[in-house]
Amino acid sequence: MKILRNISFGQYIPRESLIHNLDPRIKILSCLAIIISLFLLTEFWGYLILGTFVMIGIIISQIHPKFVFKGLRSILFIIMFTLIIHLFMTEGEVLYQLSFLKITKEGLIKGLFISCRLFILILATSLLTLTTSPISLTDGIEKLLSFFKFIGMPAHEIAMMMTIALRFIPTLLEETEKIMKAQISRGADFDTGNIFNRTKNLIPILIPLFVNAFRRADELAIAMEAKCYRGGEGRTHFRQLKIRVIDILTLILTSIITIIASVLF
Amino acid sequence: MFIRLENVYYTYNLHMPFETKALKNINLDIKKGEFIGLIGHTGCGKTTLIQHFNGLLTPTSGKVYVEEMDISKKGIDLKLIRQKVGLVFQYPENQIFEETIFQEIAFGPKKLGLPKDEIEKRVREALKMVDLDYNLYAERSPFTLSGGEMRRVALASILSIRPKMLILDEPTANLDPQGRNKILSEIKAIHDNFGITVVLVSHNMEKVAEMVDRLLVMNKGEIIMDGPPREIFAKRANDLLKVGLGLPQVTQCMYELKIRGKDLYTGVLNVNEAEKEILNNIKKLNSQLKKYERL
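Nothing here was measured: the structure is a model prediction, and the numbers come from that model.

1. Details of the overall build of chain B
Phase 1: When helices and strands are counted, chain B shows eleven helices and ten strands.
Phase 2: On the principal axes, the C-alpha backbone points of chain B span a range of 80 × 50 × 35 Å.
Phase 3: The buried share of chain B, taken over its 295 residues, is 51%.
Phase 4: Carbon and sulfur atoms provide 50% of the accessible area of chain B, an area that totals close to 14,500 Å².

As structure tokens, then:
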């Protein structure tokens, strides 16, 4: 049950800061630019520049760095895994050998390189989701995707599905916790036994969860139809997105930094 | 003493940006065989409190004892505690998952590792306690039942563990009056016939006050009143209204009469008592009037 409460990756923390108040489209584009440049660059110096840039962003956003790094803990396993794979699987100058396992210089460099890439990638996306409410995030995505409407991209539908999915993540987590507690009260046990037994023990959680989720989906569909929902055609928005000077400046700054990082290094 | 809480504090999301203090300095004794009503607003900490009784939550600070055993200590077999303290959550029908009602109710006893014939005995017993016919219901799918019946099956699935104490979180929520009365009278019978300690959690005074021997009133994470409902309504009706909890309708009626200058006892729980009290009052007034006339 502890795990469910400790997910900070993807959670929104409301604050009054420069980063929070940026237009979501600008934030998404900036994040995208950083990700692309992360994959283009070839020198550690590039990581240093991008890493510093993202860290400055975190400081400006007034979110405690401890909270940002807490979300990274769940990704730590993946980072360690790639590091180890690269460490042992790359051919080259041998640094240390233990029977058939050997660590190579090239492997070490490559492993660290990929780890840095993943690390900054998660940091940048965390900064985006921590400072942008799910609603404005999907608003931004809808607006960005509507550029592709002419090739038949259902921008509004995609955004609506995302909004609903995001909206129900906490609800389902809460419900999972409740059902777990209810089954524990009836004598269920989720912490002991081998993998096969543990999987079997999940049935008392999964079935009620699915039953409730389907019922909820049904009710939501009816409620939406009752409110005359009929897709994005002609729909107006209460929150209008507006590009301000600060947004343009941020985009220019991000472009310069990502271009420097990926082209020069 | 069955359950004892000493200086219990509980905080959600400790040291996180969304920290909330849910329980503040709770001290509580629950004796064997008591019938307790736990009343308070939504979000006042009722559900948090009852989860301490069977070790689903451990206090941030303070101690919880079940049958003199400190369950906040590490290494305690909480399964044993949960067997003694049966907790029925709000909307328990949402936890139903088996194909038949028999299997649903047999889930708890099976987890206890009981033999087959004992399991069947317990399922029969539990179904009888919630007044459902074994032959008609055992092989049906629980998902075909009505809301009230589903809730009774969920209640039976706890009763089949044979707990010494039963905690029910809002057992009447979202039921029609008929289903509500049915489940309440079954709970009352379970308490009276089997001597099971019952804690009934509710945000509504109606009905509950009439059934229980002891009322606990919670507000903002604290227990602000503890005593027999009659006493609380007689002495502290004013405070109850102040925290916005309201009184049962009859009691409210008596209270309003008292405010308007009638010399009435407000510790009444149902219409009959209220009638008697009002008639007594009129008699008293009449005799005083006669005395006055004779003078």
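From this point, the discussion proceeds with the structure in view.
2. So, the sheet that holds strand S3 (residues 35-40) of chain B
All names here are of chain B.
Phase 1: The strand order across the open sheet formed by six strands is S6-S7-S8-S3-S9-S10, and the pairing between neighbours is mixed. Edge positions in the sheet fall to strand S6 (85-88) and strand S10 (222-227), since each of these pairs with one other strand and no more. Neighbour-to-neighbour, the strand axes of this sheet turn through a mean angle of 15 degrees, independent of strand direction.
Phase 2: Inspection of the sheet shows S3 paired to strand S9 (residues 214-219) by five bridges, in the parallel sense.

3. Structural notes on the domain arrangement of chain A
Phase 1: In terms of domain boundaries, chain A breaks down into domain 1 (1-132 + 240-265) and domain 2 (154-234).
Phase 2: Each of domain 1 of chain A and domain 2 of chain A has a C-alpha centre, and these two points are 30 Å apart.

4. Quick look at the pattern of salt bridges
Residue and element names in this part refer to chain B.
Phase 1: This structure, assessed with the given rule, holds 29 salt bridges over all chains.
Phase 2: One salt bridge in this structure joins Arg122 and Glu118, with 3.1 Å as the shortest N-O distance. Of this pair, Arg122 and Glu118 both sit in helix H4 (residues 116-129), four residues apart, roughly one helical turn. Exposure class is identical for Arg122 and Glu118. Each is buried.
Phase 3: With a shortest N-O distance of 3.1 Å, Asp239 and Arg236 are connected by a salt bridge. Residue Asp239 and its partner Arg236 are both found in helix H9 (residues 229-242); the two are separated by three residues, about one turn of the helix.
Phase 4: On the basis of relative accessible area, Asp239 is assigned to the partly exposed category, the value being 28%.

5. Regarding the sheet that holds strand S1 (residues 3-12) of chain B
Residues and elements named next belong to chain B.
Phase 1: The antiparallel open sheet is built from four strands, whose spatial order is S2-S1-S4-S5. The open sheet has two free edges, formed respectively by strand S2 (20-30) and strand S5 (69-70), since each of these has just one partner strand.
Phase 2: Of the strand pairs in this sheet, strand S4 (residues 61-66) and S5 are connected by two bridges, and their pairing is antiparallel. In the strand pairing of S5, Val66 is matched with Met69.

Reading the values: the criteria
Residues numbered from 1 in each chain as written. Chains lettered and ligands numbered in written order. Predicted model: local features only at pLDDT ≥ 70, side-chain atom pairs only at ≥ 80, totals over all residues. Heavy atoms only, no water. Helix = DSSP H or I, 4+ residues; strand = E, 2+ residues; numbered from the N terminus. Buried < 20%, exposed > 50% of the residue type's maximum accessible area, 1.4 Å probe, protein only. Areas by Shrake-Rupley, 256 points an atom, 1.4 Å probe, with all protein chains shown as cover. Pairing = 2+ DSSP bridges. Axes fitted to C-alpha atoms, helices over the stretch in contact; angles between N-to-C directions. Domains from an automatic or database assignment. Salt bridge = Lys/Arg side-chain N within 4 Å of Asp/Glu carboxyl O.

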